[in-house]
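Residues per chain, in single letters:
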There are 2 protein chains.
Amino acid sequence: MDLDLSLAAPGLTARLVDIESVSGSEGPLADAIEGALRRLPHLDVYRDGNAVVARTRLGRARRVVLAGHIDTVPVAGNLPSRVQDGLLYGCGGSDMKAGVAVQLRLAALAAEPGPDVTYVFYDCEEVEAERNGLLRLSRVRPELLAGDFAVLLEPTGGVVEGGCQGTMRAEIRATGKRAHSARSWLGVNAIHEAGRILDVLRRYRAREPEVDGLTYHEGLNAVGISGGVAGNVIPDECVVTVNFRFAPDRSAADAEAHLREVFAGFEVAVTDAAGGARPGLTDRAAASFLTAMGGTPRAKLGWTDVARFDALGVPAVNYGPGDPQLAHRADEHVPLAAITRCEERMLAWLSG
Amino acid sequence: MDLDLSLAAPGLTARLVDIESVSGSEGPLADAIEGALRRLPHLDVYRDGNAVVARTRLGRARRVVLAGHIDTVPVAGNLPSRVQDGLLYGCGGSDMKAGVAVQLRLAALAAEPGPDVTYVFYDCEEVEAERNGLLRLSRVRPELLAGDFAVLLEPTGGVVEGGCQGTMRAEIRATGKRAHSARSWLGVNAIHEAGRILDVLRRYRAREPEVDGLTYHEGLNAVGISGGVAGNVIPDECVVTVNFRFAPDRSAADAEAHLREVFAGFEVAVTDAAGGARPGLTDRAAASFLTAMGGTPRAKLGWTDVARFDALGVPAVNYGPGDPQLAHRADEHVPLAAITRCEERMLAWLSG
């Protein structure tokens, strides 16, 4: 399958949507992207699995990275793409083939950009973290991701979203002593004990710290609770699973220490953790990016792959034409005008 | 298989243990019991499924009912029976073939008892309530269970345990509003809301009321809790399953009204309920029974089949030679001397 990069980004988005690429099956789309990029003499192209990286080699003082995932959630009867009332409908159009189309257009058109540019197209973003193509690249070819500033073209509705918050899940365990429920006073009810864990959560006041000029908003919440042995047994264990969303001024280690302090007296087992990312809006490339895109940047509260760039020392923001509210929905769609606007603004920025 | 009712109760218990009768497979034992009882001319014998009922017809002013289940939990390598150091080992010996042996001996020996006597042998007590043979009899032949006082010969360690407490399970539901956990303030966390249910449980002070001279001890406990949608979702529902054990001065309807009052403001769904039983120790037959057995009676806290007699208007107590702590254990056993003592005392009572 050939990709014609002379198509403007809206038409190119439709082509990309029509090349099905559910996570794990990105091969044909990765081949098409690699083929199109290899036809551009100003780029060096690398392939790793179903990830493709293309880089200018102009010897500029600064390098920016533009990244996007090429996989989608499973198709939900929403292929092939169709256009209606200025909206392009189809699986992955918003999340995030519109962004990928903009990347490809920039790769084709910006032969002499102001900064050097690295274009990253990666696989398996919509599935478990361990399969994530950007994570794999950061392990096997970290030098390919190096830069001074990165933009992830995830759907943000055309607003710059800076950095991202970290996320940590932990199991907080209350214990007791089993007994027959007909003689409950012979036991200690672990579910009742877990009330003290819920007390902590109900009392908790989340911070709203400013980091690099953006205001984040933390949260500490139970996302699961489970306890009980049988209908006639006083239970000896109750586990509350909490999810802590923390601002990028805390590391994952800081976040864990905070959880252990908050739940002092209970067994705390961290089950997964991913650090956040500072927005890096004080970087020069970031500042010119902000000016070019316009609008007021906001803090990204959900965890995204910008954190992988942060881990490599590259500050990063999210910015893309899709609508994040429509991601993963059968009626997913993206306004053609938003794709055009994103393409124009980013091209102006890179050429500036 | 013939049962020789001239054997004293300890030897007869061993015979009964050796006729395997796991719940649902009581046929051979029910046949043996029916056959032995039909050879006793002073009794009318009835058969319903694997339940057998035998009644004297002496026209006495009062009638007592002696009841026991003939099924056991699954055999655990503990058959055939064996005697060691004065203890009879074997599946169901304590729970409750020792009691059944005493019933059979009384049926054979007490040809002219003081009150009329009804002997009830029933199936499927060790499995779900709907299969219980005493429940079935109470529906299809309630007149066979009529009486002024009933003794269930369940293992009580030779102590009279009066009546029983009722039990009710209910699901108390806390609700909220889903949101992504990265923006938790857009939702309402149902697990945190359930903290208020646990507050009620932690504050609850259980009654210890006296009923017919015995002191009961209520309890209201969470026996299960469950909530959570996914690790990144603020949950919109959390369900606490509570078990309310209530003294026999409350009916099941009273108990439900109490739960609804205690959990006012929450959705309360009663999932199962079984009323308790008053001990009826003010009944003349019960008083003479207490005198004959000796010792200090105590309240039965766990729910037992005496409640089925209460539902038919027959006050009832538990009294048997087995050890309730040993029920359902592979090393289940019963002291031969305890069986003899029970047989002697009950025979003296019936003859008095």
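The structure we're discussing is the one just above.
Before going into details, it helps to say that this report is about the structure given with it. Only a predicted model underlies this, so the values are computations on that prediction, with no experimental measurement involved.

**Details of the overall build of chain A**
Looking only at helices and strands, chain A has nine helices and 19 strands in total. With respect to the principal axes defined by its C-alpha atoms, chain A has extents near 80 × 45 × 40 Å. Taking all 352 residues of chain A together, 59% fall into the buried category. When contacts within chain A are restricted to residue pairs at least 6 apart in sequence, long-range pairs at least 24 apart make up 77% of them. Carbon and sulfur atoms form 49% of the exposed surface of chain A, whose accessible area is close to 13,200 Å². Mean positive and mean negative side-chain charge positions of chain A (37 and 46 charges, respectively) differ by 3 Å.

**Notes on the side chain of histidine 258 of chain B**
Note that histidine 258 of chain B resides in helix 6 (residues 252–262). With near-sequence residues (within four places) excluded, histidine 258 of chain B lies in contact with Tyr204, Phe244 and Arg250 of chain B.

**With respect to the pairing of strand 13 (residues 219–227) of chain B**
Counting buried residues in strand 13 of chain B gives eight out of nine residues, a clear majority hidden from the surface. Here strand 13 (residues 219–227) of chain A pairs with strand 13 of chain B via three bridges, running antiparallel. In the sheet register, isoleucine 225 of chain A faces strand 13 of chain B, and the bridge partner there is glycine 227 of chain B. Where strand 13 of chain B meets strand 15 (residues 237–246) of chain B, eight bridges bridge the pair, whose relative direction is antiparallel. Residue pairing in the sheet places isoleucine 225 of chain B in a bridge with valine 240 of chain B of strand 15 of chain B.

**What about the packing of helix 1 (residues 9–18) of chain B against helix 3 (residues 93–109) of chain B?**
Residues and elements named next belong to chain B. Between helix 1 and helix 3, whose axes approach to 8 Å, the crossing angle comes to 125 degrees. With respect to helix 3, the element helix 1 is oriented oblique. Relative to helix 3, helix 1 is oriented so that their crossing is right-handed. For the pair formed by helix 1 and helix 3, the contact residues are Ala9, Leu12, Thr13, Leu16 and Val17 on the first element and Gly93, Lys97, Ala98, Val100, Ala101, Val102, Leu104 and Arg105 on the second. Its residues assigned to classes, the contact of helix 1 with helix 3 shows nine nonpolar, two polar and two charged.

Calculation notes
Residues numbered from 1 in each chain as written. Chains lettered and ligands numbered in written order. Predicted model: local features only at pLDDT ≥ 70, side-chain atom pairs only at ≥ 80, totals over all residues. Heavy atoms only, no water. Helix = DSSP H or I, 4+ residues; strand = E, 2+ residues; numbered from the N terminus. Buried < 20%, exposed > 50% of the residue type's maximum accessible area, 1.4 Å probe, protein only. Contact = heavy atoms within 4.5 Å. Areas by Shrake-Rupley, 256 points an atom, 1.4 Å probe, with all protein chains shown as cover. Lys, Arg positive; Asp, Glu negative; His and termini not counted. Charge placed at Lys NZ, Arg CZ, Asp CG, Glu CD. Pairing = 2+ DSSP bridges. Axes fitted to C-alpha atoms, helices over the stretch in contact; angles between N-to-C directions. Parallel < 35°, antiparallel > 145°, perpendicular 65-115°, else oblique. Left-handed = near helix turned anticlockwise from the far one by under 90°. Nonpolar A, V, L, I, M, F, W, Y, C, P; charged D, E, K, R; others polar.

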